[in-house]
Amino acid sequence: MMSSHTDCHYCLQSLRGRKYVLRDENTYCVTCYDSLYANSCEECKQPIECNSKDLSYKGRHWHEGCFNCAKCSRSLVEKPFAAKDEVLLCTECYSDEYSSKCFHCQKTIMPGSRKMEFKGSSWHESCFVCQYCRQPLGTKPLITKDNENFCVPCFEEQFAHHCYSCKKVITSGGVICHDQPWHKECFVCAGCKTQLSGQKFISKDEYPYCVDCFSKLYAKKCTACKKPITALGSGKYISFEEHQWHGECFNCAKCSISLVGQEFLTRQDGILCHECASA
């Protein structure tokens, strides 16, 4: 070291033939410099002298030989490390003590590696994949079934119900008719297209009809009142020689007495009880 100064700035002793340190344009003997400016080592608490290597991390200092893992004592010089509560640890010890385990493979997620978190659990990025197609899920929408994660297309292909009418996936709600799923908006009368969700309906050939459309298209007509005979009434009807009656309409054409379960005779003007037919 070359300097025009020949005496230590602090102790004023001659520096001729001695080592010295230049600081802020002032020269110091090694002893004075170490006592005034040397950092204390975090590990051994001794000064880090000017002829020693000073390693620093977040304002703290260590001798090169003291910069070790607090658990296994291996040197951390020029090696990756982690800090926990101001304690330095090598990546292996840190992982054993603090790193989370992958929900899928149960192996440690090493510090510095990317991890995915979902529903309070952690995954290696390479383990956080669709259970069916094995493609990474990343931040894509996903659906969980039986603790397994699926991308939306795979889940829909494997598990989702498809509407009996439009064949598209039913993502929420829906209606079941004859064990077939329908979107609510697709569950309409096959005749007039009125929505039937929550309404009375009659099904034929696996398709639903509102009562009016079914009556117009398929229901038999009562010989007496000419109105359709449907299952939405009393459910009872009488059939005789190609003619049908509501149970409540199956009455004598003259005296109006009910003929349900009774003997009767037919005339051109209707059905008659024995008494009226004999009169």
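Definitions and limits used
- Residues numbered from 1 in each chain as written.
- Predicted model: local features only at pLDDT ≥ 70, side-chain atom pairs only at ≥ 80, totals over all residues.
- Heavy atoms only, no water.
- UniProt positions renumbered as here; feature names shortened; annotations may be inferred.
- Helix = DSSP H or I, 4+ residues; strand = E, 2+ residues; numbered from the N terminus.
- Rg over C-alpha atoms; globule rule 2.2 N^0.38 Å.
- Buried < 20%, exposed > 50% of the residue type's maximum accessible area, 1.4 Å probe, protein only.
- Contact = heavy atoms within 4.5 Å.
- Pairing = 2+ DSSP bridges.
- Salt bridge = Lys/Arg side-chain N within 4 Å of Asp/Glu carboxyl O.
- Phe/Tyr/Trp six-rings, centres within 6.5 Å; stacked < 30°, edge-to-face > 60°.

Looking up the chain in an unreviewed UniProt entry gives the name Four and a half LIM domains protein 5, with the organism given as Sapayoa aenigma. What the UniProt record of the chain gives under Function (unreviewed entry) is the line "May be involved in the regulation of spermatogenesis. Stimulates CREM transcriptional activity in a phosphorylation-independent manner."

Draft legend 1. The arrangement of the overall build of the chain in detail. Helix and strand counts for the chain come out as 5 helices and 20 strands. In terms of overall size, the chain is more extended than a compact globule, its C-alpha atoms giving a radius of gyration of 47 Å where 279 residues would be expected to give roughly 19 Å. The dimensions of the chain, computed from C-alpha atoms along their principal axes, are 155 × 35 × 30 Å. Counting the 279 residues in the chain, one finds 31% classified as buried. Looking at the chain alone, contacts between residues at least 24 apart form 11% of all its contacts between residues at least 6 apart.

Draft legend 2. Layout of the pairing of strand E1 (residues 20–23). Sheet analysis places E1 next to strand E2 (residues 26–29), joined by 4 bridges and oriented antiparallel. Each residue of the ladder has a partner; that of arginine 23, found in E2, is asparagine 26. With antiparallel pairing between neighbouring strands as the criterion, E1 and E2 make up a hairpin whose turn holds 2 residues, including aspartate 24 at a positive phi of roughly 50°.

Draft legend 3. Examining the environment of glycine 270 more closely. Inspection of the secondary structure assignment puts glycine 270 in strand E20 (residues 270–272). The exposure class of glycine 270 is partly exposed, given its relative accessible area of 25%. A sequence separation of 46 residues divides glycine 270 from alanine 224, and the C-alpha atoms of the two residues are 8.2 Å apart. When near neighbours in sequence (up to four residues on either side) are disregarded, glycine 270 contacts Ala253 and Leu265.

Draft legend 4. Just the pattern of salt bridges, in detail. Scanning all chains against the criterion turns up 5 salt bridges. A salt bridge links aspartate 24 to arginine 23, with the nearest nitrogen and oxygen atoms 4.0 Å apart. In this structure, arginine 114 and glutamate 125 form a salt bridge, with 3.1 Å as the shortest nitrogen-oxygen distance. Taken together, the residues arginine 114 in the loop between helix H2 (91–98) and strand E7 (115–118) and glutamate 125 in the loop between strand E8 (121–124) and strand E9 (142–145) connect sequence positions 11 residues apart. Under the relative-accessibility criterion, arginine 114 is labelled exposed at 53%.

Draft legend 5. Quick peek at the packing of aromatic side chains. Inspection of every chain in the model, using the stated rule, returns 20 aromatic pairs. Ring centres of tryptophan 182 and tyrosine 207 lie 6.3 Å apart, and the angle between their planes is 85°; on these two criteria the pair is classed as edge-to-face. Of this pair, tryptophan 182 sits in strand E12 (residues 180–182) while tyrosine 207 sits in strand E14 (residues 207–209), and the two are 25 residues apart along the sequence. For tyrosine 207, a relative accessible area of 40% gives the class partly exposed. For the ring pair tryptophan 245 and phenylalanine 250, a centre distance of 5.1 Å and an interplane angle of 65° mean the geometry is edge-to-face. The pair tryptophan 245 / phenylalanine 250 is uniform in exposure class, with both members buried.

Draft legend 6. The UniProt feature "domain: LIM zinc-binding" (unreviewed entry) in the chain, seen in detail. UniProt feature "domain: LIM zinc-binding" (unreviewed entry): in the numbering of this structure it lies at residues 39–99, 100–161 and 220–279. Spanning residues 39–99, this segment combines 13% helix with 26% strand, and its end C-alpha atoms are found 33 Å apart.

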